[in-house]
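Structural description and commentary
Residues per chain are reported as follows:
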Amino acid sequence: MIKGITAIRQTSTPAVFDKLASFFTVLGFERGKDWDEEQSRGRAFLAPLGNLEFIDGVLPSNADVFVEVTSLDSVREVAEKWLTKNVGETEASRRITATADTDWKSRIFTVEPAPGVAFSFWEWLDPLKGKPVALEGDLSAEGMRFAIVVARWNAVITDRLLQGALDCLYRSGAKKEDVQVLRVPGAWEIPSAARKVAETGKVDAVVTLGVLLRGETAHYEAIYNEVSRGIGQSQQETGLPHAFGVLTCENLEQALDRAGLKAGNKGFEAASAAIEMVSLHRKVGATA
Ligand code: DLZ
């Protein structure tokens, strides 16, 4: 039966009406249905949530509208800019309070876009109340063991991918003796070597590196499909993370760009993904 709550404020003058409408617009409120008639005007501002709350206690401000936000400092910045532009710097500082802690574990400030019309903006100090947003892997490779399977075909590129991958693993804390490099003739052979090494149980993740050049590779689609399917299948069936660093490029120039020139080094990125996944697997294992 209850449909909604609207806090209605009659403004003292048309100028105050315009000021408040301007202030709430720059704050980024979603606009509701406005109206302009001979006797009255209305500007509506929406929020995803609305409450009617009665408080038996002391409130930190005399504002009669409290707006909960998720980025209080940014809101404050916008409010200060608006005040400075509309009432000048000196008056602006009088119209906005310092941001202060409340006794309900949040921070708050109050602003008067028009004299005597106060709004308080507040945010929770810990909006997630201690709950992590998501379980994520870390980027420390300490204590992790890796196999890198790298194709010799297009070695001018794959060597660079290998350097990138090693750089990432060592810089992230992996020990040299915990990284083994397996060279295979071409991309076609990657899945078989990846599977074999994953099954030894002596590594925590496999990083696969290769390059397929569309222009120069006969049966390009067939090879690519089989390589990606094989790596994916090895990952699923062994349960070990397999990072996919097999480039599929139109030509050599594009491949070079992705091997350390203009578009980063995909070997580095693949190794980083492997580290993150090993860490994630360990965390999931620990919480199971
Ligand atoms: C045969 C072939 C071709 C045409 N192109 C590529 C390529 O672009 N990248 C690559 O890694 N390997 C290529 N290969 C080699 C195959 O992957 C495989 O090593 C051979 O067919 C031997 O099985």
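Residues numbered from 1 in each chain as written. Predicted model: local features only at pLDDT ≥ 70, side-chain atom pairs only at ≥ 80, totals over all residues. Heavy atoms only, no water.

For the rest of this paragraph, the subject is the packing of aromatic side chains. By the definition in use, this model includes 11 aromatic pairs. Three or more aromatic residues joined by ring pairs make a cluster, and in this case those are F23, F24, F29, F45, W82, F109, F119 and F121. The lysine or arginine in question, K176, covers the ring of Y170, its NZ or CZ lying 5.3 Å from the ring centre. (Phe/Tyr/Trp six-rings, centres within 6.5 Å; stacked < 30°, edge-to-face > 60°. Lys NZ or Arg CZ within 6 Å of the ring centre and 35° of its normal.)

Sheet topology places strand β9 (residues 146-151) next to strand β10 (residues 179-184); 6 bridges connect them, and they run parallel. If you follow F146 over to β10, its bridge partner there is V179. Assessed by its sense of winding, the connection that carries the chain from β9 through helix α4 (residues 155-171) to β10 is right-handed. (Pairing = 2+ DSSP bridges. Helix = DSSP H or I, 4+ residues; strand = E, 2+ residues; numbered from the N terminus. Right-handed = clockwise from strand over helix to strand, strands pointing away.)

In terms of nonpolar packing, the biggest core is built from 29 residues, with F146, I148, L169 and L209 touching the most fellow members. Elements that contribute at least two residues to this core include exactly β9, α4, β11 (205-213), β12 (242-249) and α8 (266-287). The biggest single contributor to this core is α4, with 7 residues. Other than its neighbours up to four places away in sequence, L209 contacts I148, V149, V150, A151, L161, L162, A165, I190, G245, V246, G267 and A270. (Core = buried A, V, L, I, M, F, W, Y, C linked by side-chain atoms within 4.5 Å. Buried < 20%, exposed > 50% of the residue type's maximum accessible area, 1.4 Å probe, protein only. Contact = heavy atoms within 4.5 Å.)

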